[in-house]
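Tertiary structure, described
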Amino acid sequence: MIEVRELTKRFGDRIAVDGISFEVRDGCVLALVGTSGCGKSTTLRMINRLVDPSSGEVMIDGRNALDMPLEQLRLGIGYVIQGIGLFPHWTVARNVATVPRLMGWERERIEARVSELLELFQLDPGEFAGKYPSELSGGQQQRVGVARAIAAEPAVLLMDEPFGALDPITRQRLQAEFAAIQRRRRMTVILVTHDMDEAFKLADTIAVMDEGRILQIASPEELLREPRQGFVRTLVGLDDRALRILSLHTVDEIRREPTGRWEVRGETLIDRESGRAVNGLGAGDTLREAASRIIWEAVETLPVLEAGSVVGEVRADDVWAAGGRRA
Amino acid sequence: MRRGRLIGLAVALALFLALALQPGLFTPLLSLLVEPGTPLVYTRQSLIALAVWHIAVVASAEAVAVIVAVALGILVTREKGAEFMTLARMTSNLGQTFPPIAVLAMTVPLVGFGFQPTFIALAAYGLLPVFENTVAGLRGVPATTLEAARGMGMSKRAILMQVELPLAAPVILAGIRISTIINIGTATIGSTVGAKGLGEVIIAGLQAGNAAYVLQGAMLVALMAVCFDLAFRSLERRAFA
């Protein structure tokens, strides 16, 4: 649990962060979103005190971060930055082991932890442990950067534009990987990004910042449905909000009991009403994917498949309703 | 590349040892330079003993120069030491620009003839390249790397010892190499104030108008410099493996 109260940072006459407050509950991801210079990075850096606050409080699990010894505080906080900042003279394994070593873990424990983390980030320990950062691709480096940050299971993970320097395909893959890891590990995360899509994908709560203040703090869905006038609307973008709302929900949420119209014939699935072969949806697919498939196939209903058998169906009307204005 | 360096080192070292231990082998070459009947090989001291003395004075002066220059370089790149930058740079510049021969002239009345004045002149002369390279090396450590190190909770000392110095090592080593090479050459002037070294051979040659002596001494100094240069370069490459 992170509680930030009336946090302020002045650089001379300029106020970079202007008395902001928020909370991040255990296991949740908060995204700080805004344009360059809005104070989001400064806010993040005040939490691990790379920047000293001018006033205000940061409480981590009930303890005042400003009273804790600096190095002890930082050892308990994972930190990922856009430039990654891997140590170029150390191997991947040594990089990941940085914080456990500083904390004085035993060798076997460190080795086991490094292997576990490399596997978690889909880097074969046998192949990658001994490599140097310069031998890795950008995506691999960023995976190592995140693995290094969470190596000692910190109470809090701070991420500053973690996927910003990657090409779009690698970025999306890493976002998906991180989301999957987060679903299992339930870390308490503050993510700084200027990429609204990234915030929608990864965050439980989004705080929109401008000129050092939080303009709106809300769940992704609330932000899409009820964005405040002005900057928040511009940033969120209203043109495709229905599709964005759909991407926040899964097929599982609106699926109905299957009717008898689906027939499995060997490998293919037949819609008895039209006599055509159809591809089913997965229960974990987003409603955005479902909508796209419904439009493409020009059908009213699609079956939901799980392990080769039909477990339900999704109706177009239900999808439209999920993405539409609430009465 | 690496193989070429090793072969070069072996050749230079072999030539150096041959010239220092068996100078007689070179008499046909040396006889071309002088009138018949002039002594060709310097025999007042063994050449290898002079070479060892030469190395000793350079190495001890260099050790002091490195300690002082690296310490200064670290100091001025710390947040609290930045104000000493101008002073440190002035000191090391002065050490480099003040002619070593003038340093000898000034220090002999204070510390006497021989090893000491030479040692002082060389230590002062060797400061600048090491200092400048230490500063450049430490400043060259990527900002993101330092930010990551701080953010992860490394102490300032740990950041310096485990991150900054190892990353700056190749550049610092290059500074030490340049400084050493310069001083191997400069150390020859120590013989004017009675320090033992290869300069003795050159000066004896100059005094007696014996080009064979001058060439012998100069060749030994040059080959020694080449050997150190190549050895340091392979060390620099290894420092960042």
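None of these values were measured; they are calculated from a predicted model.

Here we come to the layout of surface pockets. Residues and elements named next belong to chain A. Quantified by volume, the largest pocket comes out at close to 890 Å³. Around the largest pocket, the lining is made up of 27 residues, and of these Phe200, Lys201, Leu202, Ser247 and Leu248 lie nearest the centre. Elements with a minimum of two residues in the lining of the largest pocket: α8 (168-185), α9 (196-202), α10 (220-225), α12 (241-247) and α14 (287-297). Ranked by residues supplied to the lining of the largest pocket, first place goes to α8 with six residues.

All names here are of chain A. One finds Val96, Leu157, Met159, Phe178 and Ile206 to be the most contacted residues of the largest nonpolar core, which totals 64 residues. Residue contributions to this core peak at five residues, all from helix α5 (residues 107-120). If near-sequence neighbours (up to four positions away) are discounted, isoleucine 206 is found in contact with Leu30, Ala31, Val33, Met196, Ala199, Phe200, Gln216, Ile217, Ala218, Pro220 and Leu223. Formed by 32 residues, the second largest nonpolar core is a distinct cluster that contains Leu7, Met46, Ile60 and Tyr79.

We now examine the sheet that holds strand β12 (residues 268-271) of chain A. All names here are of chain A. An order of β11-β12-β13 is seen for the three strands of this open sheet, with the pairing classed as antiparallel. The sheet is open, and its two edges are formed by β11 (262-265) and β13 (277-278), each paired on a single side. Relative to β12, β11 runs antiparallel, the two being bridged by four bridges. Its bridge partner lying in β12, arginine 265 is registered against threonine 268.

What follows concerns the interface of chain A and chain B. Contacts between the two partners involve 23 residues from chain A and, on the opposite side, 18 residues from chain B. Summed over both partners, the interface of chain A with chain B buries about 1700 Å², with 67% contributed by carbon and sulfur atoms. Its largest share of buried area at the contact with chain B, chain A owes to Arg74, Phe87 and His89 of chain A, together 28% of the area lost on that side. For the pair chain A and chain B, the number of links is one salt bridge. Arginine 45 of chain A is the salt-bridge partner of glutamate 147 of chain B, the closest N and O atoms lying 2.3 Å from each other. For the pair chain A and chain B, the interface holds four residue pairs in polar contact (both at pLDDT 80 or more). At the level of secondary structure, the elements contributing two or more residues to the side of chain A that touches chain B comprise α2 (70-75), β6 (77-81) and α4 (98-102) of chain A. Grouping the constituent residues of the side of chain A that touches chain B by class yields 13 nonpolar, five polar and five charged.

The next subject is α5 of chain A. Residues and elements named next belong to chain A. A rise of 1.5 Å per residue sets the reference length of α5, with its 14 residues, at 20 Å; its end C-alpha atoms lie 20 Å apart and thus fit the reference within 8%. Among the residues of α5, those classed as buried are Ile110, Arg113, Val114, Leu117, Leu118 and Leu120. Viewed along the axis of α5, the buried residues span an arc of 155°, placing them on a single side of the element. The exposed set on the far side of α5, more than 90 degrees from its buried face, consists of Glu108 and Glu119. Buried residues along α5 sit in contact with α3 (92-96), α4, α6 (125-128), α7 (138-149) and α8. One or two positions beyond α5, positive phi appears at glutamine 122, with a value near 60°.

Rules behind the numbers
- Residues numbered from 1 in each chain as written.
- Chains lettered and ligands numbered in written order.
- Predicted model: local features only at pLDDT ≥ 70, side-chain atom pairs only at ≥ 80, totals over all residues.
- Heavy atoms only, no water.
- 1 Å grid on protein atoms, 1.4 Å probe; cavity = no way out; pocket = protein on both sides within 12 Å on 5 of 7 lines; lining within 4 Å.
- Points joined across faces, edges and corners; volume = space filled by probe spheres on them.
- Helix = DSSP H or I, 4+ residues; strand = E, 2+ residues; numbered from the N terminus.
- Core = buried A, V, L, I, M, F, W, Y, C linked by side-chain atoms within 4.5 Å.
- Buried < 20%, exposed > 50% of the residue type's maximum accessible area, 1.4 Å probe, protein only.
- Contact = heavy atoms within 4.5 Å.
- Pairing = 2+ DSSP bridges.
- Buried area = accessible area lost by both parts, 1.4 Å probe.
- Salt bridge = Lys/Arg side-chain N within 4 Å of Asp/Glu carboxyl O.
- Polar contact = N/O pair within 3.5 Å; in protein donor to acceptor, adjacent residues only side chain to side chain.
- Nonpolar A, V, L, I, M, F, W, Y, C, P; charged D, E, K, R; others polar.
- Expected span 1.5 Å × (residues − 1).
- Arc of directions from axis to C-beta.

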